[in-house]
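Architecture and fold: a report
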Amino acid sequence: MKLGKLVVKLRIPILILAVLMLIPAAVGYLKTRTNYDILTYLPKDIETMKGQQILADDFGTGAFSMVVVEGLPDKDIADLAEKIEKVDHVERVLSYASATGGTIPIELLPDDLQNTIKQGDAQLMMVFYDTTLSADETLNAVEDIRAIAGKSVFIGGMSAVVIDTKNLSDHEVPIYVAIAVTLCLLVLQVCMDSFLIPIFFLASIGCAVAYNMGSNVFQGEISYVTKALAAVLQLAVTMDYSIFLWHSYCEEKQEFEDNKDAMAVAIDKTLVSVVGSSITTVAGFVALCFMSFTLGLDMGIVMAKGVVIGVICCVTILPSMILIFDKAIEKTRHRAVIPSFSKVSPWIVKHYYIFLIIFAVLIVPAYYGQKHNKVYYNLDSSLPKDLESIQANEKLEKEFNMASTHMILLDSNLSDKEVRGLIDEVNAVDGVKATLGIQALEGAGLPKEMLPKKIVDILDDGEYQLLFIMSEYKVASDEVNHQCDEINDIVDKYDTKGMLIGEAPCTEDLIKVTDHDFNIVNSVSIVLVGLIIIFVFRSASLPILLVSVIEFAIFINMGIPHYTGATLPFVASIVIGTIQLGSTVDYAILMTNKYKTARISGMESKEAVTNALGGSVNSIFVSALSFFAATFGVGLYSKIDMISSLCILMARGAIISMFVVVLLLPAVLRVFDKVIIYSTGGFAELRKSDDDRHHHKMLFQH
């Protein structure tokens with residue numbers, strides 16, 4: 001009882017320290033940069049990422065925006081371009097006026113070039129930045145350009161999408177926390193036996209969340225997806241620990257006259273149980289770290305750390321609060337509203353075959369559904385359509401028939417003849433609207449010597465030359481992926497070191513990388529959780545049985561979108577399985593532990609399963625309901641589909657896991673009772689008595 005007694009003795013200093021630690025936590029949180037560009041988490045050694053780095057290092061430009069200007073005369077467009085060029089971190093502006101110096105009327109340009117630059121009263125320009133796509137400086141520059149440009153100018157491209165994602169996410173994150181806390185509080189008020197204790201649960205977890213988010217400063221930055229989900233998810237997966245401590249404390253108070261002695265014992269008992277429970281949750285998050293798409297590493301580290309911090313706060317800060325405010329808590333005690341499931345348990349165990357039949361009926365469509373989900377990779381698909389960047393991209397598509405822009409990096413020493421041959425072949429590829437480079441401008445009657453130096457510098461740095469490809473196909477579509485493959489083949493023919501880069505090629509790489517990651521993450525999480533169950537139960541059969549039960553729940557959860565016609569963000573399809581397994585396999589472990597204890601005590605199989613279900617169903621119900629409350633409201637509220645989908649899937653997953661464990665696991669324990677006894681440690685006496693019975697039966701028959 002060393003830790004328990006120490007915490008009880010130091011309860012006041014612990015609470016004071018807990019409050020003081022919120023100050024460095026707040027500083028750390030404010031100093032942690034948030035990354036709003038998902039594509040930066042692609043492996044650095046793939047060609048598209050290397051090309052982006054060359055663009056930044058050699059051309060001094062890591063990003064560009066496509067800008068549509070409507071209803072302005074050429075002179076005003078030229079003035080606007082000059083103003084934009086003066087914005088901090090804008091490297092250059094490429095427009096018709098800047099390329100020609102206004103010396104050639106736009107009507108004299110070749111038709112394909114003219115149509116690329118001008119459509120009706122709308123004209124196109126490109127703004128180049130000297131910092132990378134999602135750098136803070138680039139995002140600030142986009143904001144400044146919007147302020148200068150007014151409503152007749154639409155700024156498209158990834159940097160504009162990133163700034164809109166940032167603004168929307170920063171606005172919504174505090175609301176996510178408020179929704180999660182409010183709904184959790186409602187659930188706890190119904191399920192707990194004191195009006196005040198849920199507030200201390202949330203205060204303790206709030207400290208844990210603050211410390212976790214503050215400690216992210218050591219990582220330098222975290223993704224906006226991680227930032228948006230971390231607090232909500234940490235609240236959802238660590239609430240159990242607080243509930244367990246409270247129930248343990250209430251039980252010990254029956255044994256001890258002094259509340260402090262009761263708490264000391266409760267802390268030590270809770271620590272043993274909570275460490276066992278939290279290891280599977282940590283394992284689920286650790287599995288995410290094995291993704292080559294390092295958003296998984298980002299989320300995995302933050303959430304695994306959050307669970308560990310949650311455990312520490314549960315056995316230090318929460319007991320200190322309970323003891324200090326014990327009298328106030330006692331005054332707010334009431335009868336828990338949660339119903340008793342004592343009558344339901346025997347019925348479920350008696351009719352176990354019904355649930356085996358339901359399982360047999362559902363397993364095939366559930367497995368098929370989760371294997372055939374529609375997934376989207378286009379990052380702006382997850383954002384509301386009324387954002388400025390989305391409207392600008394729609395403008396580009398509608399008025400200029402331009403849904404995406406690729407870039408080709410070529411050796412500067414390639415002859416004009418070779419480059420023109422490459423351009424001709426690229427222009428012949430389906431969906432390519434136009435290819436812009438020095439040769440295209442020369443073809444328009446502008447010799448290289450007459451082109452302004454700043455334009456030449458954009459397109460040729462002496463080592464590499466740059467071509468821009470205007471595509472009619474949307475990012476992440478099958479058409480654009482096929483188009484990129486064709487263009488890559490053409491580039492390889494002319495220049496083996498040439499590279500195709502841009503959002504569409506990056507997204508094609510994202511599809512390949514995450515398809516590989518999906519299998520890796522699921523396999524790693526199953527192996528890690530299986531190993532933990534082997535260690536907990538010293539069993540060869542239980543890891544297979546318990547993981548299979550939760551995997552069935554995951555199949556149902558992930559199969560539903562296929563039958564409802566929903567399209568999931570790619571991140572959801574990768575991470576939900578491992579999060580649901582890690583955080584809800586505890587339900588199965590809790591019931592199985594009670595079953596094992598009952599069986600060893602001498603109960604028959606049916607009686608032991610009934611006892612285990614009756615003893616665990618309330619805890620499972622409260623845990624799943626808390627998880628649901630923390631995530632479901634956020635899922636309904638969020639306008640960012642990536643966050644909304646993840647939260648809805650997690651909320652639904654908790655409820656499905658609850659039903660599957662309560663209804664199917666008792667049937668599994670009954671059917672595989674003999675297998676469990678003969679393949680699990682601790683059943684030696686039971687095996688011996690079972691063998692003796694079998695031996696006597698054989699003698700009697702003989």
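Residues numbered from 1 in each chain as written. Predicted model: local features only at pLDDT ≥ 70, side-chain atom pairs only at ≥ 80, totals over all residues. Heavy atoms only, no water.

Our focus in this paragraph is the overall build of the protein. Scanning the protein from terminus to terminus reveals 30 helices and 13 strands. Projected onto the principal axes, the alpha-carbon positions of the protein cover approximately 105 × 65 × 35 Å. By residue count, 57% of the 702 residues in the protein fall in the buried class. Restricting the contact set of the protein to residue pairs at least 6 apart, pairs at least 24 apart contribute 81%. (Helix = DSSP H or I, 4+ residues; strand = E, 2+ residues; numbered from the N terminus. Buried < 20%, exposed > 50% of the residue type's maximum accessible area, 1.4 Å probe, protein only. Contact = heavy atoms within 4.5 Å.)

Before going further, it helps to spend a moment on the sheet that holds strand S12 (residues 499–502). Spatial strand order, S10-S11-S9-S12: four strands in an open sheet with antiparallel pairing. Strand pairing shows two members of the sheet lacking a second neighbour, strand S10 (432–436) and S12, which therefore form its edges. Strand-to-strand twist in this sheet, taken as the mean axis angle between neighbours without regard to direction, amounts to 25°. Of the strand pairs in this sheet, strand S9 (residues 404–411) and S12 are connected by four bridges, and their pairing is antiparallel. In the strand pairing of S12, His406 is matched with Gly502. Sheet strands in contact with helix H23 (residues 503–537) are S9 and S12, and its direction is about 95° off that of S12. (Pairing = 2+ DSSP bridges. Axes fitted to C-alpha atoms, helices over the stretch in contact; angles between N-to-C directions.)

The subject of this paragraph is unusual backbone geometry. The phi dihedral of Asn401 is positive, around 55°, even though this residue is not glycine. The topology assignment puts Asn401 in the loop between helix H18 (388–400) and S9. The exposure class of Asn401 is partly exposed, given its relative accessible area of 36%. Backbone geometry at Ala476 places phi at a positive 75°, although glycine is not the residue there.

This brings us to the pattern of salt bridges. Following the criterion strictly, the structure yields 19 salt bridges and no others. For Arg333, the salt bridge identified is with Asp193, shortest N-O distance 3.2 Å. Here the residue Arg333 occupies a position in the loop between helix H15 (326–331) and helix H16 (344–350), and Asp193 occupies one in the loop between helix H9 (158–191) and helix H10 (197–215), the gap between them amounting to 140 residues. Among the residues examined, Arg333 registers a relative accessible area of 32% and is labelled partly exposed. Each of the salt bridges in this network shares a partner with another, and the network as a whole consists of Asp193, Lys253, Glu330 and Arg333. (Salt bridge = Lys/Arg side-chain N within 4 Å of Asp/Glu carboxyl O.)

Okay, the packing of helix H22 (residues 478–494) against H23 next. Orientation of H22 relative to H23, taken along the N-to-C sense of each, is 105°, at an axis distance of 10 Å. Comparing their axes, H23 and H22 come out roughly perpendicular. Seen from H22, the contacting residues are Val480, Asn481, Cys484 and Asp485; seen from H23, they are Ala504, Pro505, Glu508 and Ile511. Class assignment for the residues of the contact of H22 with H23 results in five nonpolar, one polar and two charged. (Parallel < 35°, antiparallel > 145°, perpendicular 65-115°, else oblique. Nonpolar A, V, L, I, M, F, W, Y, C, P; charged D, E, K, R; others polar.)

Position of Asn522 relative to the elements: it lies in helix H23. Expressed as a C-alpha distance, the spacing of Asn522 and Leu581, which sit 59 residues apart in the sequence, is 9.4 Å. Contact partners of Asn522, with chain neighbours within four places excluded, come to Ile574, Gly577 and Thr578.

Across the eight residues of strand S5 (residues 122–129), eight count as buried, placing the element largely inside the fold. Neither face of S5 is exposed, since Ala122, Leu124, Met126 and Phe128 on one face and Gln123, Met125, Val127 and Tyr129 on the opposite face are all buried. As judged from the eight bridges shared by strand S2 (residues 63–70) and S5, these two strands associate in the antiparallel manner. Directly across from Val67, in S5, lies its bridge partner Met125.

Interhelical geometry of helix H25 (residues 570–600) versus helix H27 (residues 641–663) gives an angle of 30° and a closest axis separation of 9 Å. The angle between H25 and H27 falls in the class roughly parallel. Of the two possible hands of crossing, H25 and H27 adopt the one that is right-handed. Residues Phe570, Val571, Ala572, Val575, Ile576, Ile579, Gln580, Thr584, Tyr587, Ala588 and Met591 of H25 form the contact with H27, whose participating residues are Met642, Leu646, Leu649, Met650, Gly653, Ala654, Ser657, Met658, Val661 and Val662. Class assignment of the residues belonging to the contact of H25 with H27 gives a composition of 17 nonpolar, four polar and no charged. (Left-handed = near helix turned anticlockwise from the far one by under 90°.)

This next bit is on the nonpolar core. Residues Phe293, Ile408, Phe570 and Leu646 are the most contacted members of the largest nonpolar core, which totals 209 residues. Looking at which element gives the most residues to this core, the answer is helix H11 (residues 224–253), with 18 residues. The residues touching Leu646, leaving out its near neighbours within four places in the chain, are Val225, Leu229, Val571, Ala572, Val575 and Ile576. Among the nonpolar cores identified, the runner-up in size contains 29 residues, and Phe128, Met402, Phe468 and Met470 belong to it. (Core = buried A, V, L, I, M, F, W, Y, C linked by side-chain atoms within 4.5 Å.)

It is worth spelling out the layout of surface pockets at this point. Estimates place the volume of the largest pocket at around 1200 Å³. If you trace the largest pocket, you find 34 residues lining it, with Phe244, Ser273, Leu590, Lys594 and Ser619 closest to the centre. Counting residues per element, the ones that place at least two in the lining of the largest pocket are H11, helix H12 (259–288), H25 and helix H26 (605–637). Per element, the largest residue contribution to the lining of the largest pocket is nine residues, and it comes from H11. Split into classes, the residues belonging to the lining of the largest pocket amount to 16 nonpolar, eleven polar and seven charged. Put simply, the second largest pocket is a space of about 950 Å³. Together, 39 residues line the second largest pocket, and Leu39, Leu133, Met158, Gly502 and Glu503 are the ones closest to its centre. Elements supplying a minimum of two residues to the lining of the second largest pocket: helix H4 (47–58), S2, H9, H18, S9 and H23. (1 Å grid on protein atoms, 1.4 Å probe; cavity = no way out; pocket = protein on both sides within 12 Å on 5 of 7 lines; lining within 4 Å. Points joined across faces, edges and corners; volume = space filled by probe spheres on them.)

Quick look at empty space enclosed by the protein now. The gaps of empty space that remain are located by a probe, the size of a water molecule, rolled over the atoms. The final tally for this structure, using the stated rule, is three cavities of 30 Å³ or more. The volume enclosed by the second largest cavity comes to roughly 80 Å³. Contributing to the lining of the second largest cavity are Tyr36, Asp37, Ile38, Met158, Val161, Val162, Thr165, Tyr224, Leu379, Ser382, Leu383 and Met642. By residue number, the principal contributor to the lining of the second largest cavity is H9, which donates four residues. Class assignment of the residues belonging to the lining of the second largest cavity gives a composition of nine nonpolar, two polar and one charged.

Our focus in this paragraph is H26. Over its 33 residues, H26 runs 46 Å from end to end, which matches the ideal 48 Å to within 8%, given 1.5 Å per residue. Along H26, the sharpest change in direction is near 40° and occurs at Ser616. (Expected span 1.5 Å × (residues − 1). Bend = angle between axes of the 7 residues up to and from the residue.)

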